[in-house]
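Residues per chain are reported as follows:
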Amino acid sequence: MQQLIDIWSGMNARRRVIVTLATVAMFAAVLSLARMASAPSLSLLYAGLESGPAGEVVRALEQRGVAYDVRGGSIFVDSARRDELRMTLASEGLPANSSRGYELLDGLSGFGTTSQMFDAAYWRAKEGELARTILTHQSISSARVHIAKTGNNPFQRDVKPSASVSISTAAGGLSAKHAKGLKFLVASAVPGLTPEDVSIIDSEGGLLGVAEETPTNAADDRTDAIRQRVTRLLEARVGPGNAVVEVSVDTVTQTESVRERVIDPGSRVAISTDTEEVANQSTDQGGGDVTVASNLPDGDGAAGDSSSSQVSETRERVNYEVSETERQITMVPGAVKRLTVAVLVNGTTTTDANGAEVFAPRSEEELADLRELVASAVGFDEARGDQITLKTMQFELPEPLGTEPQSSLLSNVSFDAMSLIKAAVLAIVALILGLFVVRPVLARQPDGAAQLAAPGASENSGYPDNLGGFEASQAALTGEIQDDADGPGELPMLSGGGGVGLPSLDSDDQDPVERLRAMISERQDETVEILRSWLEGEEERA
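Presented here is a report on the structure given in the accompanying data block. (Residues numbered from 1 in each chain as written. Predicted model: local features only at pLDDT ≥ 70, side-chain atom pairs only at ≥ 80, totals over all residues. Heavy atoms only, no water.)

Attention now goes to the overall build of the chain. Secondary structure assignment for the chain yields 11 helices and 14 strands. Counting all 542 residues of the chain, 22% fall into the buried class. Working note: accessible area of the chain is about 38200 Å², and carbon and sulfur atoms make up 52% of it. (Helix = DSSP H or I, 4+ residues; strand = E, 2+ residues; numbered from the N terminus. Buried < 20%, exposed > 50% of the residue type's maximum accessible area, 1.4 Å probe, protein only. Areas by Shrake-Rupley, 256 points an atom, 1.4 Å probe, with all protein chains shown as cover.)

Given below as C-alpha cells:
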C-alpha cells in the first residue's frame, strides 16, 4: 500500500489523470462485461399482442418479479422459465383476447334493452366468435370480422347480407385454399350469406381468394406417386439405394363428351293387351219378278227364295315396351393412355478366395419376380400398350466428400456458446487493460526524482566535454550504488585528461566508495542538486 502511495505521490498531474481515467474505464468495462455474461438468455414469450393484452402480461410478470425485455411488440423472458410462465399465464386467462363473443349478451337485461340494442349486441358477439375461430389457424396472428346485416325489415326486398374479414398473417401469407375455407366458415355462420359475398382481406397481400388456385399437374403427381410406390417395394428386397425407378405417364389432355342411345328389340315387355270381338248376322227373303200374277192374291208371285248370313270377328292388340339405354360420357384430361416404367437394380457383391470384391448380377428368376411385383404395383395393362423394363447393373457409387464424423470427448457436453464468448471477451479486455494500460503507468519512475545526466550526453548536462569513458547512450546516474558491482568496470571511468584536474580512477585496487567520494568532491554542484531533489521528494511524500 505504501508503495502505491509513493508512486502516486511521485506522479505529476497529467499522469494522475491518465491513471484515474484508465482505472475507471477498466472497472466500467469489467462491470459491463460481467453484467452481459451474467445476464440470462432471453427467448420469445409472446409476440404480436395488442397494447391492452401486452400490458396485462407485463403487469403479471412484474408481480412475479420476473425479468423481461420488451422489443417492439414482442416480450422476451428467461429461456429457463418460458414454458412455466406460458402455462401459468394461460391458467389466469392471459394474454386476454380482445375479441369478445357471446359473453356480451350476459350483460344485457330485459329491462331497458330495446330490440335494436339486442340486435347490435348479437351481431357484435357473432363477429367476436368468428374472429376467435379464425385465430386458431397457426398462420393468422390477428383477425377482425365485419358483418353487414340489414335487420328484419319486412319492407326491404332483394337485400342480401355480406361480410368482410381482415386478417394479419405471419411470414408466408395465406393460401387461396385457406381463404376459401374462411369464406365458407363465415358464410355458414350467418343465415342467408353465401361464400361469394364474403371478402378476405390480408394486411400484406390484399384481397385473397379472388382467383382460383392454379390446378396442379395431375400427370406429375401420379408419376411421383407411382415412383415412390415402386421404389418402396423394390428397396424392401434389394435394400435402400439399390434401385432406381423412372416412370413416364402419357395422359389424355383433351376433353371429350360422348352421348350414346342403345335400343334392344329382343328385350321387349308387354305392358297392355286390347281384345275386340265383332259378331254380324243378316237374313234375306228372296222374291220373283214382278208380274200380273204376283199382284193376285193367290198367285205364283207370293212364293220366293230366302237367305241368311252370320259373320264373327275377333281383334287383339298387344302393346310392348322395348328396352332402351341412354348414356352420356364426359372424358376429362388426366386419363392414362400409356404407362412406361424403367427399373435399374443393383447386383450383389461377393468376396472371392483372394478377398477381392466380385460383382454378380441378379438371376433371371429374381428379375422375373421383381418385374411381376412392379407390374402389379403400377397397374400394368398390356392392351393399353404399357411397357416395363427391368435391368440389373452395377452401381457406381460416388465417394463421400469430406471426412466422416467422429465422436469426441465434448460431444456429450452441453454448453452455451454465447456465454463462453462473453466470458472470453471479458477475460481479453481485462488482460489488455491490465497489461497495456495500468502496468506501464505503475512501472514508471516518479518525475520528482532527479537524475544525474551522463557526462557528454547533451550540451546542457553541465559536464565538461573532455571527460572520457562516458558514451551518449549510457544511462543517467541516479545516485544509487549497485551492490552487485564486481569491480571498477561496473562504474563509468573518468580520465584525467582534458585539463579538469580530476584524479585518475583507473586503478583496480581503489574501492568504489572511495571513487564515488572523489567524484562527489570534484562535482559538488551536481551533488548538491541531487540531494536537494531528494529532500524535496521526501517533503512531498510527508
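Once you've had a look at it, read on.
Both the distance between ring centres and the angle between the ring planes are used here to describe each pair of aromatic rings. A full pass over the atoms with the stated rule returns one aromatic pair. Between the aromatic rings of Tyr 122 and Trp 123, the centroid separation amounts to 5.3 Å while the plane-to-plane angle is 75°, which identifies the pairing as edge-to-face. Of the residues examined, Tyr 122 reaches a relative accessible area of 29% and is grouped as partly exposed. The ring of Phe 76 has Arg 71 sitting right over it, with the charged end atom 4.3 Å from the ring centre. (Phe/Tyr/Trp six-rings, centres within 6.5 Å; stacked < 30°, edge-to-face > 60°. Lys NZ or Arg CZ within 6 Å of the ring centre and 35° of its normal.)

Relative to the assigned elements, Thr 194 resides in the loop between helix H6 (176-189) and strand S6 (198-202). Taking the relative accessible area as the measure of exposure, Thr 194 reaches 27% and is therefore partly exposed. When the C-alpha atoms of Thr 194 and Ala 163 are compared, they prove to be 9.5 Å apart, with 31 residues separating the residues in sequence. When near neighbours in sequence (up to four residues on either side) are disregarded, Thr 194 contacts Lys 160 and Ala 187. (Contact = heavy atoms within 4.5 Å.)

Taking every second residue as pointing to the same face, the buried face of S6 carries Val 198, Ile 200 and Asp 202, while none of Ser 199 and Ile 201 on the other face is buried. Alignment of strand S5 (residues 162-169) against S6, held across five bridges, turns out to be parallel. Directly across from Ala 163, in S6, lies its bridge partner Val 198. Note: S6 against strand S7 (residues 206-208), three bridges, orientation antiparallel. Bridge pairing in S7 places Ile 201 opposite Leu 207. (Pairing = 2+ DSSP bridges.)

Consecutive side chains of a regular strand alternate in pointing toward one face of the sheet and then the other. Pairing between strand S12 (residues 348-351) and strand S13 (residues 357-360): four bridges, direction antiparallel. When the bridges of S13 are listed, Thr 349 appears paired with Phe 359. The turn joining S12 and S13, which pair antiparallel and follow one another in sequence, is formed by five residues; a positive phi near 90° is taken by Gly 355.

What follows concerns helix H8 (residues 364-378). Given a rise of 1.5 Å per residue, 15 residues ought to cover 21 Å, and the 21 Å separating the end C-alpha atoms of H8 matches this to within 8%. Buried within H8 are the following residues: Glu 366, Leu 367, Leu 370, Val 374, Ala 375, Ala 377 and Val 378. Gly 379 sits one or two positions beyond H8 and adopts a positive phi of about 75°. (Expected span 1.5 Å × (residues − 1).)

Right, let's get into the sheet that holds strand S3 (residues 74-78). Pairing between the strands of a sheet is mediated by backbone hydrogen bonds and can be parallel or antiparallel. Spatially, the three strands line up as an open sheet ordered S1-S3-S2, and their pairing is antiparallel. The sheet is open, and its two borders are formed by strand S1 (42-47) and strand S2 (68-71), each paired with just one other strand. Neighbouring strand axes in the sheet, compared pairwise and without regard to direction, differ in orientation by 30° on average. As paired strands, S1 and S3 are joined by five bridges and run antiparallel to one another. Note on S3: the bridge partner recorded for Leu 44 is Phe 76. Strands S1, S2 and S3 of the sheet are contacted by helix H3 (residues 51-64), whose axis makes an angle of about 20° with S3. Sitting on the sheet, helix H4 (residues 82-91) is in contact with S1 and S3, with an inclination near 25° to S1. (Axes fitted to C-alpha atoms, helices over the stretch in contact; angles between N-to-C directions.)

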